[in-house]
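# Structure at a glance
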Amino acid sequence: MGTKSLAIIKLSALGDVVQALHSLAKVPLAEEYSKITWICESASAPLVALCPGIHRVISIDLKQWKKISFWRGDKRETKPFHEILSTVQRLRLEQYDTVLDLQGNIKSALVSRLMRSRDRVGMPKAMLREKPAALFYHRSLVEMPKKKQQASVRENLAYFARSLLSSKNHISADLSTKNSPHWVPELNRLSTSMRQEVDHDLQQGQQKSAKSLNNVDQIFLIAPSSAWSSKELSADMIALFTKTYLRRWPNARGYLLWGNAVEKIKAERLCAVINRSLPAVSHLAPLSKSYRLDALAYLMSKMHLVVSCDSLALHLAHWVGCRVFAFFGPTSANYYGKISGTTAGNATWQGTCPYGVLFEQRCPVLRRCLKAPCMQHLPHEEVEHKIAAFVKSL
């Protein structure tokens, strides 16, 4: 056990935070660092707190920071300013041997600069999202050798984190090593009342299904939505997966995940349309509520499998050890979704662009391609064959 202290900055996005947590499970940080602090945005804090290897979580509400106004006389505008001062005080409360910025933009670099440390470390300059961030670091991490630069995002993060350790034998991109128990999420850290709430909701859903189904033999979760519409699952793919799954488990119950009011309406409409083509009208239903992220992790641990696009749901399900079938289109399954082989019973489908756009990590027009043919017009027979083989293997 080491004696040093380490602060890790990974503010957002939620899926990226989960990827980082999952990556560090392969890095023996405890050999050098006895105390690890994680700095993240408020939405990610409940997830980070599930890791026993993280001793302290500092959450930053950056959305509130944007509301500050120095030129208005309205007293209501002073609250965010006080929150900023409070956050700065918490960041500077302790002296850290090392501060590691895994975000790589100016925002996170500024946070690192606020912290008390003589060793502020950033990502390799070639990997920085915003190059001027390098000005705030004392040094940069070791760049990955060219022959390994096509590794997945988790392999990249694990490699960079290993380069912090004094023993160079630890510098590797291999993810086949066993997860450190310090980074495996402990779902029993959730309050008893929260776990009971999730269990009760699932039980209520199965009781509703009992009116049209005999005995619910399996439950599964479909996460169709993403922050980017070009990543989202089509209604055809949701229906195809559900029908194929029901051939193996005729009394299964599926849930559609949603996170806001718009996604809830979309999930309700999808369920209404798809259930008409299923043997029973209660095979598929939206979740009863939008869960806090740590509660969602617990809910996923109860599922037989999770079907998802490239989103937080995919990475969260994989992190808690749930079986996953993932659809990728404008992002690379090799880079963002290298899940096969690390958890038994996982599979991915990579859509292709009919316009011939090629990419290694993400499509250059991901945010502008509204029709998203790589996700909305998948080859029906090929996908059905892949899903059938996956379901048969479960």
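In case you missed it, the structure is sitting above this.
Residues numbered from 1 in each chain as written. Predicted model: local features only at pLDDT ≥ 70, side-chain atom pairs only at ≥ 80, totals over all residues. Heavy atoms only, no water.

Another point: unusual backbone geometry. In this model, Ser12 is joined to Ala13 through a cis peptide bond whose omega is -10°. Within the element layout of this structure, Ala13 appears in the loop between strand E1 (4-9) and helix H1 (14-24). (Helix = DSSP H or I, 4+ residues; strand = E, 2+ residues; numbered from the N terminus.)

As a packed pair, helix H10 (residues 293-301) and helix H11 (residues 312-319) sit with axes 9 Å apart at the nearest point and diverge in direction by 60°. Relative to H11, the element H10 lies oblique. In this structure, H10 crosses over H11, and the sense of that crossing is right-handed. Counting all contacts with H10, which are made through Leu293, Leu296, Ala297 and Met300, the residues of H11 involved are Leu312, Ala313, Leu316 and Ala317. Its residues assigned to classes, the contact of H10 with H11 comprises eight nonpolar, no polar and no charged. (Axes fitted to C-alpha atoms, helices over the stretch in contact; angles between N-to-C directions. Parallel < 35°, antiparallel > 145°, perpendicular 65-115°, else oblique. Left-handed = near helix turned anticlockwise from the far one by under 90°. Contact = heavy atoms within 4.5 Å. Nonpolar A, V, L, I, M, F, W, Y, C, P; charged D, E, K, R; others polar.)

The next subject is the sheet that holds strand E12 (residues 305-309). Taken together, the six strands give an open sheet; going across it, the order is E11-E10-E9-E12-E13-E14, and neighbouring strands pair in parallel fashion. Each end of this open sheet is capped by a strand with a single partner; those strands are strand E11 (284-286) and strand E14 (347-350). Across the sheet, the mean angle from the axis of one strand to that of its neighbour is 15°, orientation sign disregarded. Of the strand pairs in this sheet, strand E9 (residues 219-223) and strand E10 (residues 253-256) are connected by four bridges, and their pairing is parallel. (Pairing = 2+ DSSP bridges.)

Another aspect to go through is the packing of H1 against H11. At a closest axis distance of 8 Å, the pairing of H1 and H11 adopts a crossing angle of 25°. One finds that H1 runs roughly parallel with respect to H11. Note on packing geometry: the crossing formed by H1 with H11 is left-handed. The segment H1 lies against H11, with Leu14, Gly15, Val18, Gln19, Leu21 and His22 engaging Leu312, His315, Leu316, His318 and Trp319. Of the residues belonging to the contact of H1 with H11, the class tally is six nonpolar, five polar and no charged.

Spatially, E3-E2-E1-E5-E7-E8 is the arrangement adopted by the six strands of the open sheet, whose pairing is parallel. The open sheet terminates on both sides in strands that have one partner only, identified here as strand E3 (56-60) and strand E8 (139-140). In this sheet, strand E7 (residues 120-122) lies alongside strand E5 (residues 98-101) in parallel orientation, the contact comprising two bridges. Residue pairing in the sheet places Leu100 in a bridge with Val121 of E7.

This part takes up the pairing of E10. The alternating pattern of E10 places Arg253 and Tyr255 on one face and Gly254 and Leu256 on the opposite face, and all of these are buried. Following the backbone out of E9, through helix H8 (residues 235-248) and into the adjacent parallel E10, one traces a crossover that is right-handed. Two elements, E10 and E11, share three bridges in a ladder whose sense is parallel. Bridge assignment links Tyr255 to a residue of E11, and that residue is Ala285. (Buried < 20%, exposed > 50% of the residue type's maximum accessible area, 1.4 Å probe, protein only. Right-handed = clockwise from strand over helix to strand, strands pointing away.)

Here the focus is the pattern of salt bridges. Counted according to the given criterion, the structure contains 14 salt bridges. Between Glu94 and Arg56 there is a salt bridge; the shortest N-O distance is 3.5 Å. In this pair, Glu94 is assigned in the loop between helix H4 (78-91) and strand E4 (95-96) and Arg56 in strand E3, connecting sequence segments 38 residues apart. According to the relative accessible area criterion, Arg56 is buried, its value standing at 18%. Between Arg292 and Asp294 there is a salt bridge whose closest N-O contact spans 2.5 Å. Residue Asp294 is classed as buried on the basis of its relative accessible area of 4%. (Salt bridge = Lys/Arg side-chain N within 4 Å of Asp/Glu carboxyl O.)

Everything listed here is a matter of coordinates, which is why it stays silent on function.
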